[in-house]
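Take a look at the letters that make up each chain.
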Amino acid sequence: MNFGLLNLSDRITSLSFYPDGSQIAVGTFNGKIHVYDFMANTARYNHNFNCRNRVGKNSLGKKVTSIIFINKRNAIISTCDSCVRLISMNDGKNLSKYKGNVNENGMIRADVDFSNDIILTGSENGFCYTWKILAEDKKYLKNYNYESFKPFEKDI
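Predicted model, so just to flag it, every value in this text is computed and none were measured.

Q: So what exactly am I meant to see when it comes to the pairing of strand β8 (residues 94–99) here?
A: Sheet faces and side chains relate simply in a regular strand, where the side chains alternate between the two faces. Where strand β7 (residues 83–88) lies against β8, five bridges are found, and the strand directions are antiparallel. Following the sheet pairing, Ile87 is matched in β8 by Asn94. Taken together, β7 and the strand that follows it, β8, pair antiparallel across an intervening segment of five residues, in which Gly92 is found at a positive phi of about 80°.

Shown next, in the form of structure tokens:
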């Protein structure tokens, strides 16, 4: 299978089929998402976008650790800059950013519940974090409103 426009420095760190199986999303070590059309066991390049912060130490992009589709258009993307993002896969637009967890080195991946309402992820600090997925029609970009718990601790 030919993945075309990937550079040798773009190590693949995550892959996911679109819900209908017509496309593949490929996450890389440097924070890029490449989208390929997938037909008859052949992948053809469609588009790519950066999954990164606009400014600061993570503006060059960090490792994409997971891509979880919540519908045909949008996906939850986990990266090693301690952010979980709701991204429009059509154009790479950041719809919401969820912060609070720590993920700087690991391959920690977020997941969503069956109704696509709650994001859950682990953290390098030993806690689990949850966020409510914000409605697309709201103008929130950053969501620091999370709940956390430490698994494996006994109640006293």
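Q: Help me understand the environment of Val112, please; the structure alone is not making it clear to me.
A: As for its position among the elements, Val112 is in strand β9 (residues 111–112). Owing to a relative accessible area of 17%, Val112 belongs among the buried residues under this scheme. Distance from Val112 to Phe69, taken between C-alpha atoms, is 9.0 Å for residues 43 residues apart in sequence. When sequence neighbours within four positions are dropped, the list of residues in contact with Val112 reads Ile68, Ile70, Ile76, Ile118, Ile119 and Ile133.

Q: Teacher, can you tell me more about the sheet that holds β7 here?
A: Where strands meet in a sheet, backbone hydrogen bonds hold them as pairs that are either parallel or antiparallel. Taken in spatial order, the five strands make up an open sheet running β5-β6-β7-β8-β12, and their pairing is mixed. In this open sheet, the two edge strands, each paired with only one partner strand, are β5 (64–69) and β12 (142–143). Direction of pairing for β5 relative to strand β6 (residues 74–79): antiparallel, over a ladder of five bridges. Following the sheet pairing, Ser66 is matched in β6 by Ser78.

About the cut-offs
- Residues numbered from 1 in each chain as written.
- Predicted model: local features only at pLDDT ≥ 70, side-chain atom pairs only at ≥ 80, totals over all residues.
- Heavy atoms only, no water.
- Pairing = 2+ DSSP bridges.
- Helix = DSSP H or I, 4+ residues; strand = E, 2+ residues; numbered from the N terminus.
- Buried < 20%, exposed > 50% of the residue type's maximum accessible area, 1.4 Å probe, protein only.
- Contact = heavy atoms within 4.5 Å.

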